Amino acid sequence: MTAQPVLDFHVRLAPRPGAAGRLLAALDDCGLARAVVCAGGTIDLDTLARQLIDGGHVETDADNDAVLAACAGTDGRLVPFWFGNPHRPPGAYRERAAEFRGLEVSPAVHGVALTDPRVTALVEVAADSGHPVYTVCIARPGAGVADLVTLARRFPRTDFVLGHSGVGNIDFHALALIRDEPNILLETSGGYTCVAEAAIDRLGAARVVFGSEYPLQHPAVELAKFTAIATPPAQWRQIAWENAHRLLGEEKP
């Protein structure tokens, strides 16, 4: 699957010594040409897992500066996204939007619904800046895929990326909900091969992007998913390369 260039649309970088080097090494090991980088380490995994089941949130700010520093000097190989915190005013994001290429919001981490005005305020900055918006939906009021659809309809000229193949690993319902929403794409990390295959069939390859959720999931695992379903080369180029560059506002290399 790596015969064609691949842009991993979703990796994380925790502010820890050597993290950037380990990320670049993982990309090299898997033959990945580029990656979109969001801050990691905002919440420990035990707390995140508990919040996904029992609810709750943290108000911790992501280390967006660490992401920016890691991406600097990579000649565009690492592409920085701003991890928005709805518990803070959007002013910092607006002031620094030109340094980043997109926005992530996470109801799973910060516990703020996609229907909340504080999230809308962040998305307004993204819309003004020409940024795509990446989010992961969860089974919680205001944070489901239907709520993402409502948000995306408010910003029809902004691209949204539904991460992790929807809610859970077999979310065919998410495909049905976003099917008629042309500004919502699906990022495939974590989902079963049957969901990736169905997404290509039901949404079209032009609305699917490859992502790994490194370091929580090794890119080799996610690459194997598309090998297993024998993705045709033309579709794989869209999923692995062209769609991501379109989202980033770049010409196809």
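Just above sits the structure.
In this report, we go over the structure that sits alongside the text. Because the structure is a prediction, the values reported are computed rather than measured. (Residues numbered from 1 in each chain as written. Predicted model: local features only at pLDDT ≥ 70, side-chain atom pairs only at ≥ 80, totals over all residues. Heavy atoms only, no water.)

Considerations on the nonpolar core
Ranked by size, the top nonpolar core spans 69 residues in total, and within it Leu103, Phe160 and Leu162 carry the most contacts. Contacts of Leu162, omitting those with residues within four sequence positions, involve Thr135, Cys137, Val145, Leu148, Ala174, Ile178, Ile184, Leu185, Leu186 and Glu187. Val79, Phe81, Val136 and Val209 belong to the second largest nonpolar core, which has 15 residues in total. (Core = buried A, V, L, I, M, F, W, Y, C linked by side-chain atoms within 4.5 Å. Buried < 20%, exposed > 50% of the residue type's maximum accessible area, 1.4 Å probe, protein only. Contact = heavy atoms within 4.5 Å.)

Digging into the sheet that holds strand S1 (residues 7-13)
If you walk across this open sheet you meet the 3 strands as S1-S2-S3, and the pairing is parallel. A single partner strand is all that each edge strand has here, and the edge strands are S1 and strand S3 (78-80). Across the sheet, the mean angle separating the axes of adjacent strands is 35 degrees when strand polarity is ignored. Packing against the sheet, helix H1 (residues 19-30) makes contact with S1, strand S2 (34-39) and S3, and its axis sits at approximately 155 degrees to S1. (Pairing = 2+ DSSP bridges. Helix = DSSP H or I, 4+ residues; strand = E, 2+ residues; numbered from the N terminus. Axes fitted to C-alpha atoms, helices over the stretch in contact; angles between N-to-C directions.)

Section: helix H9 (residues 193-203)
Every buried residue of H9 is accounted for by Val195, Ala196, Ala198, Ala199, Ile200 and Leu203. Those residues of H9 that are buried lie in contact with helix H8 (172-178), strand S8 (184-187), strand S9 (208-209), helix H10 (219-228) and helix H11 (233-247). Following H9 by one or two positions, Gly204 has its phi on the positive side, about 95 degrees.

Side note on the pattern of salt bridges
Enumeration over the complete set of coordinates arrives at 14 salt bridges. With a closest N to O distance of 2.6 Å, Asp65 and Arg96 form a salt bridge. In this pair, Asp65 sits in helix H3 (residues 64-71) while Arg96 sits in helix H4 (residues 91-96), placing the two residues 31 residues apart along the sequence. Judged by relative accessible area, which is 45%, Asp65 ranks as partly exposed. Using a relative accessible area of 21% as the deciding quantity, one classes Arg96 as partly exposed. As a salt-bridge pair, Arg96 and Glu99 come within 2.9 Å of each other at their nearest N and O atoms. Within this structure, Arg12, Glu104 and Glu213 form a network of salt bridges that share partners. (Salt bridge = Lys/Arg side-chain N within 4 Å of Asp/Glu carboxyl O.)

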